[in-house]
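Residue-level structure breakdown
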Amino acid sequence: MRLYYSSASPFAAKARMAARHCGIDVESVSVDTSAEPADLLAANPLGKIPALVLDNGTSVYDSRVICDLFDRMSGNQLVPQELDAWRSVKTFEAAADGVGDALILGVYEVRYRPEEKRHPDWVDKQMRKADRGLAFLEDHIADLPDEPTTAHFALAGLLGWMAFRFEGKIERERPKLAQWLKQFPESFPAYGELQPRAA
Ligand SMILES: N[C@@H](CCC(=O)N[C@@H](CS)C(=O)NCC(=O)O)C(=O)O
């Protein structure tokens, strides 16, 4: 299986960590989404990473579906099956992914739009979404199971990415999340290798 990724992407880091946790072998192929390479667009018409191409040529995206596939392939090593635990993990994962989505829109506003065309009110609205999401994640961090789940990998990808795109924000505003990330490698030692890195 081939997994399109970039070293900075929080969502790609989440998928790669999930694969490693489940013992699923994926060949990671680095792509530049800005260049819209043909092989990525063939794998994911949205041109986003992560995108996974299975050995039979079919493709799977986005990070949530990829992780759910890994969960099924591995006999549920990523998501607890009991209803309440499932709801809690999947909602936490959605909140972490949603914070990433909101923050990335703000990053793209600056990266892709000339200054005179930027819309600060809209960026502020994305930041309010992210801040409410981070508050939710901090409030519910104690609900996470001990064993790593998709929620853990979504949060670790997000916080690892924020460490260089929003340097110091988590330490200043969300000390419980900062502490959680510091300890995460104890339960998932491969974090050091797979964490998002500034390109
Ligand atoms: N909901 C998607 C979000 C993926 C996403 O936004 N990926 C970013 C990189 S971190 C991307 O591919 N951006 C390129 C683009 O939007 O064209 C997921 O969970 O995989």
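Conventions and cut-offs
- Per-chain numbering applies: the sequence of each chain, read as written, is numbered from 1 onward.
- Confidence filtering applies because this is a predicted model: local features only for residues at pLDDT of at least 70, side-chain atom pairs given and counted only at 80 or more, and all residues used for totals across whole chains, interfaces and linings.
- Based on all heavy atoms of the structure, the side-chain values leave hydrogens and waters out of the count.
- UniProt positions are given in the numbering used here, feature names are shortened, and annotations may be inferred rather than shown by experiment.
- In DSSP terms, a helix is any run of H or I states spanning at least four residues, a strand is any run of E spanning at least two, and both are numbered starting from the N terminus.
- Each residue is tested against the molecule or strand, and it is near if at least one of its non-hydrogen atoms lies within 4 Å.
- N or O atoms within 3.5 Å of each other form a polar contact, as long as, within protein, one can give a hydrogen and the other can take it, and as long as residues adjacent in sequence are counted only when both atoms are side-chain atoms.
- For the area figures, the Shrake-Rupley method with a 1.4 Å probe applies, and any residue is considered shielded solely by the protein chains shown.
- Three classes are used, and their members are as follows: Ala, Val, Leu, Ile, Met, Phe, Trp, Tyr, Cys and Pro are nonpolar, Asp, Glu, Lys and Arg are charged, and the others, Gly among them, are polar.

The name an unreviewed UniProt entry gives the protein chain is Glutathione S-transferase, with Aurantimonas marianensis as the organism.

According to UniProt, the "domain: GST N-terminal" (unreviewed entry) feature falls on residues 1-78. What you have in residues 1-78 is 38% helix and 17% strand, and the ends, taken at the C-alpha atoms, are 19 Å apart.

A few words now on unusual backbone geometry. The linkage connecting isoleucine 49 with the following residue, proline 50, adopts the cis geometry, with an omega of 0°. Cis rather than trans, the peptide bond between tyrosine 61 and aspartate 62 has omega equal to 5°. Of note, aspartate 62 is situated in the loop between β4 (59-60) and α3 (63-73). A positive phi angle, near 45°, is found at glutamate 36, a position not held by glycine. Along the polypeptide, glutamate 36 turns up in the loop between β2 (27-30) and α2 (38-43).

With that settled, consider the site of the ligand. In the vicinity of the ligand, the contacting residues are Ser9, Pro10, Phe11, Thr33, Lys48, Ile49, Pro50, Asp62, Ser63, Asp101, Ile104 and Tyr108. With respect to the ligand, the side chain of aspartate 62 contributes an N or O atom lying 2.9 Å from a nitrogen atom. In isolation the ligand has 510 Å² of accessible area, and contact with the protein removes 82% of it. Elements with a contribution of two residues or more to the shell around the ligand: α1 (10-22) and α4 (83-112). Per-element accounting of the shell around the ligand gives the leading share, three residues, to α4. Partitioned by chemical class, the residues of the shell around the ligand number six nonpolar, three polar and three charged.

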